[in-house]
Amino acid sequence: MVLFLAAIAVLLLSSFGAFVSHKSPRLATGLGVTGAVLGCSLGIAAAIRGLLVHSPESISLAWTIPYGSFSLQLDALSSLFLILIFTISGLGSIYGAEYFAPHAKTRPLGSTWAFYNILIASMALVVTARNGVLFLMVWEIMALSSFFLVIFDRERDRVRHAGLIYLVATHLGTAFLLTFFIIAGSHAQSLDFDRFESVLGTLPPASSGLLFVLALIGFGSKAGFMPFHVWLPEAHPVAPSHVSALMSGVMIKTGIYGLIRTLTFLGEPSPWWGLSLVTIGIISTIGGILFAVPQHDLKRLLAYSSVENIGIIGLGLGLALIGAAHGSSIIFALGLAGAIFHVINHSVYKSLLFLGAGAILHTTGTLQLDRMGGLIKRSPYLALAFFIGVLAICGLPPLNGMASEFLIYMGSLNGGMPLKAISPIPFIGIIIALSFAGGLAMIAFTSAFGTVFLGTPRTETTANAHAPGWLLQGPIAFLAFLTIALGFLSPWVFKGILSLLRRVSFSSIPSQDFANAAAAAERTAMEPLLHLTGGGIALFVFLAILVWARRKLLSGRSATETVTWDCGFMHPNERMQYTSSSFQQPTREFFHMFLRSKRSRPVIVSHFPMASEFSTETRDVFLEHGYQRFFSWIERSVSVFRTFQHGRMQIYVLYVLVTLIFLLVWLLGLPT
Amino acid sequence: MNWDSLANVAFALGCAPFLMGVINRTKAIFAGRQGQPLLQTYYEIWRLLHKGAVYSKTTSWFFRAGPLAGLAITVLVLFLIPFGRVPAVVSFQGDFIFIVYLLGLMRMMTVLAALDTGSSFEGMGASRELQFSAIAEVALVFALSTLAWKAGTLSISEIFTKVTPDLWRTEGGILSLLGVAILLVFLAENARVPIDDPNTHLELTMIHEVMVLDHSGPDFAMILYSSALKLWILGTFLLEVLLPFQVGNFWLDHASFIFAMFALAVLVGIIESSMARLRLIFVPRFLMGAVIFALLAFLLGLR
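Residues numbered from 1 in each chain as written. Chains lettered and ligands numbered in written order. Predicted model: local features only at pLDDT ≥ 70, side-chain atom pairs only at ≥ 80, totals over all residues. Heavy atoms only, no water.

Trainee: Sorry if this is basic, but what is going on with the overall build of chain A here?
Mentor: For chain A, the helix and strand inventory stands at 25 helices and five strands. In terms of overall size, chain A behaves like a compact globule, its C-alpha atoms giving a radius of gyration of 27 Å where 672 residues would be expected to give roughly 26 Å. Along the first, second and third principal axes, the C-alpha set of chain A runs to 110 × 70 × 55 Å. Looking at chain A residue by residue over its 672 residues, the buried ones come to 59%. (Helix = DSSP H or I, 4+ residues; strand = E, 2+ residues; numbered from the N terminus. Rg over C-alpha atoms; globule rule 2.2 N^0.38 Å. Buried < 20%, exposed > 50% of the residue type's maximum accessible area, 1.4 Å probe, protein only.)

Trainee: How should the overall build of chain B be read in this particular structure?
Mentor: When you go through chain B residue by residue, the secondary structure sums to eleven helices and one strand. Each helix and strand of chain B, ordered N terminal to C terminal, gives the series α-α-β-α-α-α-α-α-α-α-α-α. Taken against the 2.2 N^0.38 rule, which gives 19 Å for 303 residues, the C-alpha radius of gyration of chain B at 19 Å falls within 12% of a compact globule. C-alpha extents for chain B along the principal axes are approximately 60 × 45 × 40 Å. Across the 303 residues of chain B, 66% fall into the buried class. A sequence separation of at least 24 residues applies to 80% of the contacts in chain B between residues at least 6 apart. With an accessible surface of roughly 10400 Å², chain B has 66% of that area assigned to carbon and sulfur atoms. (Contact = heavy atoms within 4.5 Å. Areas by Shrake-Rupley, 256 points an atom, 1.4 Å probe, with all protein chains shown as cover.)

Trainee: What is the right way to read the confidence of the model for chain B from this model?
Mentor: Parts of the model with low pLDDT should not have their predicted coordinates read in detail. In the predicted model, chain B carries a mean pLDDT of 89, and the fraction of residues at 70 or more is 98%. Mean pLDDT across the elements of chain B bottoms out in helix 8 (residues 208–211) of chain B (84) and peaks in helix 3 (residues 61–78) of chain B (94). (pLDDT = per-residue confidence, 0-100.)

Trainee: Help me understand the interface of chain A and chain B, please; the structure alone is not making it clear to me.
Mentor: How big an interface is tends to be reported as the loss of accessible area on association of its parts. Across the contact, 73 residues belong to chain A and 75 residues belong to chain B. Together, the buried faces of chain A and chain B total about 6500 Å²; carbon and sulfur atoms form 75% of this surface. In this structure, the salt-bridge partner of Glu561(A) is Arg64(B), at a minimum N-O distance of 3.7 Å. At the boundary of chain A with chain B, the tally comes to 19 residue pairs in polar contact (both at pLDDT 80 or more). Broken down by secondary-structure element, the contributors of at least two residues to the side of chain A that touches chain B are helix 14 (375–378), helix 15 (380–393), helix 16 (400–415), helix 17 (425–453), helix 21 (511–554), strand 3 (559–562) and helix 22 (580–590) of chain A. Considering every element that reaches the side of chain A that touches chain B, the biggest residue donor is helix 17 of chain A, with 15 residues. In terms of residue class, the side of chain A that touches chain B is built from 47 nonpolar, 19 polar and seven charged. (Buried area = accessible area lost by both parts, 1.4 Å probe. Salt bridge = Lys/Arg side-chain N within 4 Å of Asp/Glu carboxyl O. Polar contact = N/O pair within 3.5 Å; in protein donor to acceptor, adjacent residues only side chain to side chain. Nonpolar A, V, L, I, M, F, W, Y, C, P; charged D, E, K, R; others polar.)

Trainee: When you look at the nonpolar core in this model, what are you seeing that I'm missing?
Mentor: Most often, soluble globular proteins keep nonpolar side chains buried together rather than apart. The biggest cluster of nonpolar side chains holds 330 residues, and the ones touching the most others in it are Phe4(A), Trp231(A), Phe445(A), Phe453(A), Trp232(B) and Phe237(B). Broken down by element, the residue count for this core peaks at 20 residues, all from helix 13 (residues 329–364) of chain A. (Core = buried A, V, L, I, M, F, W, Y, C linked by side-chain atoms within 4.5 Å.)

Trainee: Whenever I open this one, helix 16 of chain A confuses me. Can you help?
Mentor: Over its 16 residues, helix 16 of chain A runs 23 Å from end to end, which matches the ideal 22 Å to within 8%, given 1.5 Å per residue. Burial analysis of helix 16 of chain A places 16 of its 16 residues in the buried class, the great majority of the element. (Expected span 1.5 Å × (residues − 1).)

Trainee: Would you explain the pattern of salt bridges in this entry?
Mentor: Where charged atoms from two side chains of opposite charge come close, those side chains can pair. Residues and elements named next belong to chain A. Per the stated rule, a full pass over the model turns up 23 salt bridges over all chains. Between Glu 197 and Arg 130 there is a salt bridge whose closest N-O contact spans 3.4 Å. Taken together, the residues span a long stretch of sequence, with Glu 197 in helix 7 (residues 193–199) and Arg 130 in the loop between helix 4 (109–126) and helix 5 (132–150) at a distance of 67 residues. Arg 130 gets classed as buried once you look at its relative accessible area, which sits at 5%. Two residues, Lys 495 and Glu 522, come together in a salt bridge whose shortest N-O distance is 3.9 Å. Taken together, the positions of Lys 495 in helix 20 (residues 490–501) and Glu 522 in helix 21 put the pair 27 residues apart, joining distant regions of the chain.

Trainee: What's the story with the side chain of Lys299(A) in this structure? I'm lost.
Mentor: Residue and element names in this part refer to chain A. Counting through the fold element by element, Lys 299 comes out in helix 12 (residues 298–325). With no salt bridge to any partner, buried Lys 299 finds its closest opposite charge in Asp 297, at an N-O distance of 7.1 Å. Leave out the neighbours within four places in its chain, and Lys 299 touches His 236, Pro 237, Ala 239, Pro 240, Ser 241, Ser 244, Phe 354, Ala 357 and Leu 367. (Lys, Arg positive; Asp, Glu negative; His and termini not counted.)

Trainee: Help me out: how do you make sense of the domain arrangement of chain A in this one?
Mentor: The domains assigned to chain A are domain 1 (268–550) and domain 2 (621–669). Computed over C-alpha atoms, the centres of domain 1 of chain A and domain 2 of chain A are 50 Å apart. (Domains from an automatic or database assignment.)

Trainee: Looking at this structure, I do not really get unusual backbone geometry. What am I missing?
Mentor: For residues besides glycine, phi is generally negative; the peptide bonds are generally trans as well. Between Pro397(A) and the following residue, Pro398(A), the backbone shows a cis peptide bond with an omega angle of 5°. On the secondary structure map, Pro398(A) appears in the loop between helix 15 and helix 16. Cis geometry is adopted by the peptide bond preceding Pro194(B), which originates at Val193(B) and carries an omega value of 10°. Position of Pro194(B) among the secondary structure elements: in the loop between helix 7 (165–189) and helix 8. Its identity is not glycine, yet Tyr67(A) carries a phi of approximately 65°, on the positive side. Tracing the sequence through the fold places Tyr67(A) in the loop between strand 1 (57–62) and strand 2 (69–74). Residue Tyr67(A) is classed as exposed on the basis of its relative accessible area of 65%. Unusually for a residue other than glycine, Gln189(A) sits at a positive phi of about 60°. Relative to the helices and strands, Gln189(A) resides in the loop between helix 6 (157–188) and helix 7. Residue classification places Gln189(A) among the exposed positions, given a relative accessible area of 63%.

Trainee: What am I meant to see in the pairing of strand 1 of chain A here?
Mentor: Side-chain direction in a regular strand flips from residue to residue, so the side chains alternate between the two faces of the sheet. All names here are of chain A. Inspection of the sheet shows strand 1 paired to strand 2 by six bridges, in the antiparallel sense. Bridge pairing in strand 2 links Ser 60 to Ser 71. The hairpin formed by strand 1 and strand 2 contains six residues between the paired strands, and Tyr 67 there has a positive phi angle of roughly 65°. (Pairing = 2+ DSSP bridges.)

Trainee: Help me understand the packing of helix 11 (residues 271–292) of chain A against helix 17 of chain A in this model?
Mentor: Two packed helices can be described by the angle between their axes and the distance between those axes. Residue and element names in this part refer to chain A. Two elements in contact, helix 11 and helix 17, have axes separated by 8 Å at closest approach and are oriented at 15°. On the basis of the axis angle, helix 11 is roughly parallel to helix 17. Read as a crossing pair, helix 11 and helix 17 show a hand that is left-handed. Within the contact between the two elements, helix 11 uses Leu 275, Val 278, Ile 282, Thr 285, Ile 286, Ile 289, Leu 290 and Ala 292 and helix 17 uses Pro 426, Gly 429, Ile 430, Ala 433, Phe 436, Ala 437, Leu 440, Ala 441, Ala 444 and Phe 445. For the contact of helix 11 with helix 17, the per-class residue count stands at 16 nonpolar, two polar and no charged. (Axes fitted to C-alpha atoms, helices over the stretch in contact; angles between N-to-C directions. Parallel < 35°, antiparallel > 145°, perpendicular 65-115°, else oblique. Left-handed = near helix turned anticlockwise from the far one by under 90°.)

Trainee: Please clarify how the environment of Ala265(B) should be interpreted in this entry.
Mentor: Residues and elements named next belong to chain B. Note that Ala 265 resides in helix 10 (residues 250–274). Of the residues examined, Ala 265 reaches a relative accessible area of 4% and is grouped as buried. Here the alpha-carbon distance between Ala 265 and Leu 140, two residues 125 residues apart in the chain, equals 20 Å. In this structure Ala 265 touches Leu 19, Val 22 and Ile 23, once residues within four positions along its chain are discounted.

Trainee: Is there a simple way to explain the packing of aromatic side chains in this structure?
Mentor: For any pair of aromatic rings, the description consists of the separation of the ring centres together with the inter-plane angle of the planes. Taken as a whole and judged by the stated rule, the model has 53 aromatic pairs over all chains. With a centroid separation of 5.2 Å and an interplanar angle of 65°, the aromatic rings of Phe449(A) and Phe62(B) are classed as edge-to-face. Here the residue Phe449(A) occupies a position in helix 17, and Phe62(B) occupies one in helix 3, the pair thus bridging two chains. The exposure class of Phe62(B) is buried, given its relative accessible area of 0%. (Phe/Tyr/Trp six-rings, centres within 6.5 Å; stacked < 30°, edge-to-face > 60°.)

Trainee: So what exactly am I meant to see when it comes to helix 13 of chain A here?
Mentor: Since there are 3.6 residues in each turn of an α-helix, residues three or four apart along the chain are aligned in direction. All names here are of chain A. If you check helix 13, its first and last C-alpha atoms are 51 Å apart, about what 36 residues at 1.5 Å a residue would give, namely 52 Å. Within helix 13, 32 of the 36 residues are buried, which leaves it mostly tucked inside the rest of the structure. Gly 365 sits one or two residues past helix 13 and shows a positive phi near 80°.

Trainee: Help me out: how do you make sense of the packing of helix 21 of chain A against helix 9 (residues 217–242) of chain B in this one?
Mentor: Interaxial distance between helix 21 of chain A and helix 9 of chain B falls to 9 Å at its minimum, and their mutual angle equals 135°. Between helix 21 of chain A and helix 9 of chain B, the angle is such that the two are oblique. Mapping the contact onto sequence places Leu546(A), Arg550(A), Leu553(A) and Leu554(A) in helix 21 of chain A and Pro218(B), Asp219(B) and Met222(B) in helix 9 of chain B.

Trainee: Help me understand the environment of Pro468(A), please; the structure alone is not making it clear to me.
Mentor: Residues and elements named next belong to chain A. Within the secondary structure, Pro 468 sits in the loop between helix 18 (460–463) and helix 19 (470–488). A residue is classified by how much of its surface remains accessible, and Pro 468, at 5% relative accessible area, is buried. Taking the C-alpha atoms as reference points, Pro 468 and His 592, separated by 124 residues in sequence, lie 38 Å from one another. When residues no more than four places from it in sequence are discounted, the contact partners of Pro 468 are Glu 98, Ala 359, Thr 363, Ser 379, Leu 382 and Gln 473.

In structure tokens:
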């Protein structure tokens, strides 16, 4: 605990230091990065200790705020999330040192680093807080500090607009959480999580159902479940890339943490909890990746794919709830382990991809897919690392994305077995969503990877791009290494997650039952995971043999180089390549009903058409047709009150006078 | 691991290119031609293996990795699929999901190799391949999951030992619907008519063939061989559902299964001779048809 408090202290002190030294960007950066790296290292040490010790360490200090107490606890679940938060944040800060360097003259780096370190500290406190008031306070600090980081590039209109959407969305979510804590607190007569644990488990189904819905919406809007996802595709693209990595990799996972933590309090789940979470999961999984396909901006594509991955986590949690509701604890264990494994995996590879996208932006100056190409020739290591991330996010063997999806598949397939007496419809829904999303993810990411790294450069600036520096590439390489390691070590990671979950007490399931369930889940899924790892190794062995065979075959023969075959055309140029827009076109057209992409195409009127252009834009259907309409309806309905507020001072004085006279008359008229 | 299972792999490695010969001979007979020799694919692979290679200046290591990855993956999958009633060399719970994802990895590597050339034709093929396979994959996973639930086990080798004449008697409806779904996926994934026409030489109309336009020499030999193996793999899935019989004699069973595989090749030849390729915009609907067949089987299974 001392280590953890020291980490928080270092982060806050360095944040203060960076803020006061804003005059010198170099000093501010130095302080910010050193503080972040030191704080994160201390924090990782504390979290590892938290994973290893069996009785969770905690601290509780009295606080003058009503119902508040400063209580923190490092149990197994918190420690796991802490490791993710500190790892990704530490790597992000190293990356940021180089990423922010070109902005030193034009942007206030001091306050930016201050907010970055505050964001890390607040996320760490969110996953350790044990009191409702403290939780909401750090939750709000997390939202605000990330808001200030999102609007780093504040001169641009689009950035401010995105920041505003984020600010509104996050506070709408917080409103639900506030209600959640008020209701939960009134049941428990306290806002301490320890009381929640003992009281909320025994609530009648209606009350616990209400709490579940509030938590699902409140935490779900932070996590980015569809249809509460609208801020992700706006905020992620405009934020600095390591901030996007931090937000998409770990900050949205605090929503998942909140949901899991709530489920440990609430008692026996009703069957509809799991069904609604699975439904939301299916919508997010398929909807998220469907909207990722037609995007032209690489980071917007990645943001939509975060919605998809959060959906997959939701599918795992929903599976777990269905299992718990029907007393099938093995499905509960497989679903929960799959969801948590996917949380870990997504943090790693999504951060990798966002940092990669930032490195691309850094070298080419653009994120527009259709302007890039052939980057593999200029930065081969970046291409390799990005490729590893792409393989993992498409859930392909032998990397980690496959392993966690496989656990969810196993849970669903086991759940649907005929003898288990649960309707198989949600299970087949999960299976179809996973496989369809896998296919669509492949379209989105091959299109992105192919147009960015392969082929020939489409513009001058891309052609002259330089390789990013080592401070940018180092964290990316480390994350790529983690992705591979998590993939090949998946059986042991799974085992670790199960032993960790055994130490989390779910009030709905007796710990003895859960221990049995975890053992059963291990028996079911351990052997297949070992086979996946074995298959991956075998694949590399076969590949090595084939590489050797081809080298042997080609030795002594002519292996010439020439232009790409284009039906005998000898001068192919870069503009003849398929772009990502053309690559996505069949899918975009096929799903036009949902995507509603706007197309502007040239109309040819004369015999000698002039230069023309074609473009497509896919905006968020939920934002355009849902939220914007709702908010403009509110604006219209409250505009009636404009009559009373028009800025004329005399009339306001009249209002005051009228009110005073009214109050005077009322007071005098009252019987004493 | 036993020797019978290893024999599966050997049979597949040896006989798969022959399927291509059977298909082509069937089509030739329908067209009233004499046709190429039955062993033509072997000759071609042999010839290509003895040639040099030409690479495009645009390409990187992805282009060179595509064919190798394709062959490595198909060979790995051969170790995971049963043959007749003989289980696979390696089988485990949920192995069919792994197989589907391995085939996905193969597709991804082929597509990236195609995009690496910067050719618009290959980009076109790649784009179509991914769109169609995204739907075909759903149909395949859906069909296999339904079959797994009916069989009460999650390992493909065990699933297919549960498909017996008895099961056909009681659940014939479900099995035949699943058979149709897998047949449609089989045609789509192997780039056969009515999805794709392997014979046409107009790049604009092709899907699979156009993605490998730039490959030559040993690389192209590997592509030919791995697509023959893929035909064999998906053919096995289909036959395991459709052929529930076994005699009990190793040689007799194998001979009958290989014979059935050639009969399937004849069927493919007949389909190719009697149908035209669908217009590309109808292909997704065709594949949605496969999903719907799987859905019907699932709904029948709910009873």
